[in-house]
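Observations on chain architecture
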Amino acid sequence: MIKKVKLQPIYMDKLQLLMNRLDDDLVKQSLEVELSKMTAGFRGEDSINYFLNMLPNQKECQVLHDLRIPHESTFFKSTRSFLIPPTFLLLK
């Protein structure tokens, strides 16, 4: 069961809005390249949900996206975390 859903990065939304406002084709092309790379990466990370839905005992398994864990005076960020009792698995 996915507890914390992965959201589209704000930066991608800003790039899309900026591209709609630009008239300069040269700048627009470079933004399109960057946006397409970000979109491909986001879809790749999101495609793992297909496989997560095949896990046995989905009620026991909890999936957390973009978890930020405090450690002393700094933070540790995990892209995907699995809580399957009695195991806690971090996936980069």
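One can find the structure itself at the top, above this paragraph.
Residues numbered from 1 in each chain as written. Predicted model: local features only at pLDDT ≥ 70, side-chain atom pairs only at ≥ 80, totals over all residues. Heavy atoms only, no water.

1. Thoughts on the environment of Leu35
Here Leu35 is to be found in helix 2 (residues 25-46). Taking the C-alpha atoms as reference, Leu35 lies 40 Å from Pro86; in sequence the two are 51 residues apart. When sequence neighbours within four positions are dropped, the list of residues in contact with Leu35 reads Met12, Leu15, Gln16 and Met19. (Helix = DSSP H or I, 4+ residues; strand = E, 2+ residues; numbered from the N terminus. Contact = heavy atoms within 4.5 Å.)

2. Some thoughts on the packing of helix 1 (residues 10-21) against helix 2
Two measures define how a pair of helices packs: the angle their axes make with one another and the distance between the axes. Look at helix 1 against helix 2: their axes get within 10 Å of each other, and the N-to-C directions meet at 150 degrees. In terms of orientation, helix 1 lies roughly antiparallel with respect to helix 2. The interaxial crossing formed by helix 1 with helix 2 has left-handed handedness. Touching Tyr11, Met12, Leu15, Gln16, Leu18 and Met19 of helix 1 are Lys28, Leu31, Glu32, Glu34, Leu35, Met38, Thr39 and Phe42, all from helix 2. Considered class by class, the residues forming the contact of helix 1 with helix 2 number 9 nonpolar, 2 polar and 3 charged. (Axes fitted to C-alpha atoms, helices over the stretch in contact; angles between N-to-C directions. Parallel < 35°, antiparallel > 145°, perpendicular 65-115°, else oblique. Left-handed = near helix turned anticlockwise from the far one by under 90°. Nonpolar A, V, L, I, M, F, W, Y, C, P; charged D, E, K, R; others polar.)

3. A word on the nonpolar core
In this structure, Met12, Leu15, Met19, Leu31, Leu35 and Phe42 together form the largest nonpolar core, which totals 6 residues. Mapped onto this core, the elements with two or more residues apiece are helix 1 and helix 2. Those residues within four positions of Met19 in sequence are excluded, and the remaining contacts are Lys28, Leu31, Glu32 and Leu35. (Core = buried A, V, L, I, M, F, W, Y, C linked by side-chain atoms within 4.5 Å. Buried < 20%, exposed > 50% of the residue type's maximum accessible area, 1.4 Å probe, protein only.)

4. Digging into the pairing of strand 3 (residues 74-84)
Looking down a regular strand, the side chains alternate between one sheet face and the other. Pairing between strand 2 (residues 62-71) and strand 3: 9 bridges, direction antiparallel. For Pro70, the partnering residue across the bridge sits in strand 3 and is Phe75. Connecting the antiparallel pair strand 2 and strand 3 is a turn made up of 2 residues, with Glu72 showing a positive phi of about 55 degrees. As paired strands, strand 3 and strand 4 (residues 87-91) are joined by 5 bridges and run antiparallel to one another. Looking at strand 4, one finds that Phe82 is bridged to Leu89. Between strand 3 and strand 4, which follow one another and run antiparallel, lie 2 residues. (Pairing = 2+ DSSP bridges.)

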